[in-house]
Amino acid sequence: MYIKCWGSRGSIAVAGQEYNRYGGETTCIQIQAQSGETVIIDAGTGLRKLGLDLPVNSNTHYYMLFTHTHWDHISGFPFFKPLQDSSVTLTIYNSSFYTLSVKEIISNIMAPPFFPITMKEMQANVIYEENIKTSFSIGSLDITTIPLSHPGGGFGYRFSENGKVFVFLTDNELTFNHPGGRTIEEYTEFCKNADLVFHDMEFTPEEYPAKINWGHSCCTDVLELAMNANVKKLGLFHINQERTDDAMDKMVDMCQDIVIKKSSTMTCIGVACDMEINI
Ligand SMILES: [Zn+2]
Ligand SMILES: [Zn+2]
């Protein structure tokens, strides 16, 4: 399974030389199945650059999943260039957030006064896949979902292919139970034996007490979960908008130190824009 990060910043895109190494684009992940399908998770600002990189030809079919529809996870959608190409088919998994479906939310933001071009004017063939089950497949990828502990809810995803597992859990607060959220034990089970987990680790232990119930996790809580779940590699995700590259390096080092002290073999990385991982 090939995984590429096109955006790992939380809440709002940032720019400037203090953000060069981890990047400033908001959530967008590309997964390439061995059977050929391209799966995209979230349409944060990173989606624009992914759209420029994807091939467009008569067989082009892309699949898009959403964790939820807060701004930082949808604002790249109108700038996804393949939407302007009639040879492209895009299947969007049409889950509901708050009281609206993804289809309604996208149609709402792609209309005046927010945006001058509507979905109806886009050339691509957009298909909405209804009634998503808690487990389904896209090509050789077997996918299961879990509800997030986040304001308004959302979904985490576990991708399995040929015995390899990638779990994507962002905008998930482990120690505060938002309506619909699951217990730490259930999230631990969801991450069990994963080769790679990207998890929301927005806050340090010093920052977290002032941010309880904001919908994001303290990094030490995630570390504990990942070690208990026997995760091989953990990626710190949903990087706070104020966190510079140097501050992020410090956070990753602190996490890695804790892992070593606990005699775990897990590795910790900060997930940067343009990072590619094969598992
Ligand atoms: Zn977010
Ligand atoms: Zn959110």
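Preceding this section is the structure that the text describes.
Keep in mind it's a predicted model, so treat the numbers as computed, not measured.

Colleague: In this structure, what is going on with the overall build of the protein? I would like to understand it.
Modeller: Within the protein one finds 5 helices and 16 strands. Here the C-alpha atoms of the protein give a radius of gyration of 18 Å, agreeing with the 19 Å that 2.2 N^0.38 yields for 279 residues. Taking the principal axes of the C-alpha coordinates as reference, the protein spans close to 55 × 40 × 35 Å. Within the protein, the proportion of its 279 residues that are buried is 43%. Long-range contacts, defined here as pairs at least 24 residues apart, represent 69% of the contacts in the protein between residues at least 6 apart.

Colleague: What's the story with the packing of helix α3 (residues 184-191) against helix α4 (residues 219-228) in this structure? I'm lost.
Modeller: At a minimum axis separation of 8 Å, α3 and α4 run at an interaxial angle of 55 degrees. One element, α3, and the other, α4, form an angle in the oblique class. Viewed along their axes, α3 and α4 form a crossing whose handedness is right-handed. Note on element contacts: α4 touches α3 through L225, A226 and N228, opposite I184, Y187, T188 and C191. Within the contact of α3 with α4, the residues separate by chemical class into 5 nonpolar, 2 polar and no charged.

Colleague: Hey, could you run me through unusual backbone geometry in this one?
Modeller: Put simply, P112 and P113 share a cis peptide bond, and its omega is 10 degrees. Position of P113 among the secondary structure elements: in the loop between α2 (102-109) and β8 (125-129). A positive phi is found at D274, a non-glycine position, where the angle reads about 75 degrees. Mapped onto the elements of the fold, D274 is located in the loop between β15 (267-270) and β16 (276-278). Exposure remark for D274: the 14 C-beta atoms within 10 Å place this residue in the partly exposed category.

Colleague: I would appreciate a short explanation of the sheet that holds strand β4 (residues 61-65) in the present structure.
Modeller: For sheets, the rule is that strands pair by backbone hydrogen bonds, running either parallel or antiparallel. Strand order in the open sheet formed by 7 strands is β8-β5-β4-β3-β2-β1-β16, with mixed pairing between adjacent strands. Only two strands of the sheet have a single partner each, and these edge strands are β8 and β16. Shown here is a sheet whose adjacent strand axes are inclined to one another by a mean of 20 degrees, direction ignored. Relative to β4, strand β3 (residues 38-41) runs parallel, the two being bridged by 4 bridges. The partner of I41 across the bridge, within β4, is L65. Those strands touched by helix α1 (residues 46-53) are β1 (2-7), β2 (28-32) and β3, and its axis lies near 130 degrees from that of β1.

How each quantity is defined
Residues numbered from 1 in each chain as written. Chains lettered and ligands numbered in written order. Predicted model: local features only at pLDDT ≥ 70, side-chain atom pairs only at ≥ 80, totals over all residues. Helix = DSSP H or I, 4+ residues; strand = E, 2+ residues; numbered from the N terminus. Rg over C-alpha atoms; globule rule 2.2 N^0.38 Å. Buried ≥ 20, exposed ≤ 12 C-beta atoms within 10 Å, placed from the backbone. Contact = placed C-beta atoms within 7 Å. Axes fitted to C-alpha atoms, helices over the stretch in contact; angles between N-to-C directions. Parallel < 35°, antiparallel > 145°, perpendicular 65-115°, else oblique. Left-handed = near helix turned anticlockwise from the far one by under 90°. Nonpolar A, V, L, I, M, F, W, Y, C, P; charged D, E, K, R; others polar. Pairing = 2+ DSSP bridges.

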